[in-house]
Amino acid sequence: MENYNKLLEKQLNELNKLILISNKNLMKLKDVPEKRIRLGKRNGYYQYYLVDENFPNGKYVKTSEIKSLKALAQKEYELKINKELYMLQRKLESFIKRYHVNDIKDIYDKMSEGRKRLVTPIIETDEMFIENWLDDDYESMPISDEIKFYSNNGTRVRSKSELIIVNMLEQYEVPYKYEKPITLKGVGKIRPDLHCLNVRVRKEMIWEHFGMMDNEMYANKNISKINLYQENGYITGKNMIMSFESSKNPLNPRDIKRIIEEYLL
């Protein structure tokens, strides 16, 4: 179960920024008199009336004087917004203090190992989820005996670039499946380089690495492939990761590190 504390705190920061803006706006309008605007409508046209202690029903404002109402209307608006922002701030601060979603997970985690064997948790532990995700029987594509790229954990891959990516995934303990097939409409079965799992949000993403992008034939072929992915609902940053390189711009491990930290942790 995803913990939304960071998102809630982000929203609280946004509220705090809006409160600062609203307070500044009210300071600019502090000399605007305490009056109220009443609206009417006649023959399809709005009519404006100024309401105060001298004119409780409102004094009609001529068309030529309507511009003078803008500061007053803005102050009315800012006062309402300011009040609402502070109310939301208090509610959100109070909720964040009481919101501890991990308490659900902790009930199982704090059990003794013996008791855990007797219980099925309402939410799979990360370990259970990873194990079930990895328990996926698919036939691997053969790799030529001449290719001898092995990751630190022993996964055999086809290229030096894939080796960099897989080793980085293993370093960050990101679960992955190598060359698991999927079916795309319009082309049939294909094998993305990797399926990766963001354990924190329990989301699967495919990863395709495109090398030799300075090779015109290779580039054109893979642009068509990328378009096919998009037509089948695989969108970069949403459920797909893409990385690229060329002979003049080889794969940079720092870029892979940034991608993993952004999408898979």
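Rules behind the numbers
Residues numbered from 1 in each chain as written. Predicted model: local features only at pLDDT ≥ 70, side-chain atom pairs only at ≥ 80, totals over all residues. Heavy atoms only, no water. Pairing = 2+ DSSP bridges. Helix = DSSP H or I, 4+ residues; strand = E, 2+ residues; numbered from the N terminus. Axes fitted to C-alpha atoms, helices over the stretch in contact; angles between N-to-C directions. Core = buried A, V, L, I, M, F, W, Y, C linked by side-chain atoms within 4.5 Å. Buried < 20%, exposed > 50% of the residue type's maximum accessible area, 1.4 Å probe, protein only. Contact = heavy atoms within 4.5 Å. Phe/Tyr/Trp six-rings, centres within 6.5 Å; stacked < 30°, edge-to-face > 60°. Lys NZ or Arg CZ within 6 Å of the ring centre and 35° of its normal. Parallel < 35°, antiparallel > 145°, perpendicular 65-115°, else oblique. Left-handed = near helix turned anticlockwise from the far one by under 90°. Nonpolar A, V, L, I, M, F, W, Y, C, P; charged D, E, K, R; others polar.

(A) Representation of the sheet that holds strand S3 (residues 59–61) within the structure. Spatial ordering of the open sheet is given by S1-S2-S3, a layout of three strands whose pairing is antiparallel. One side of each edge strand has no neighbouring strand; the edge strands of this open sheet are strand S1 (36–42) and S3. Across the sheet, the mean angle from the axis of one strand to that of its neighbour is 40°, orientation sign disregarded. The pairing of strand S2 (residues 45–51) with S3 spans three bridges and is classified as antiparallel. Across the sheet, Tyr-49 pairs through a bridge with Tyr-60, a residue of S3.

(B) The nonpolar core, seen in detail. Membership of the largest hydrophobic core comes to 20 residues, with the highest contact counts inside it found for Leu-169, Leu-194, Cys-196, Trp-207, Ile-256, Ile-260 and Leu-264. Other than its neighbours up to four places away in sequence, Leu-194 contacts Ile-165, Val-166, Leu-169, Tyr-176, Lys-177, Tyr-178, Met-205, Ile-206 and Trp-207. Ranked by size, the runner-up nonpolar core spans ten residues in total, among them Ile-182, Ile-206, Tyr-218 and Tyr-229.

(C) Fine view of the packing of aromatic side chains. Going through the model one piece at a time under the given rule, you end up with four aromatic pairs. The ring of Tyr-49 is capped by Arg-38, whose NZ or CZ atom sits 4.4 Å from the centre of that ring.

(D) Layout of the packing of helix H1 (residues 5–28) against helix H2 (residues 70–98). Running from amino to carboxyl end, H1 crosses H2 at an angle of 155°, the nearest separation of the two axes being 9 Å. Taken together, the axis directions place H1 and H2 in an arrangement best described as roughly antiparallel. As H1 packs across H2, the resulting crossing turns out to be left-handed. Its residues assigned to classes, the contact of H1 with H2 comprises 14 nonpolar, eight polar and four charged.

(E) Looking closely at unusual backbone geometry. Of note, Asn-43 is a non-glycine position whose phi angle comes to about 55°, a positive value. Of note, Asn-43 is situated in the loop between S1 and S2. Classification of Asn-43 as exposed rests on a relative accessible area of 70%. Unusually for a residue other than glycine, Glu-179 sits at a positive phi of about 55°. With respect to the helices, strands and loops of the structure, Glu-179 is situated in the loop between strand S6 (176–178) and strand S7 (182–184). Given a relative accessible area of 8%, Glu-179 falls into the buried group.

Everything listed here is a matter of coordinates, which is why it stays silent on function.
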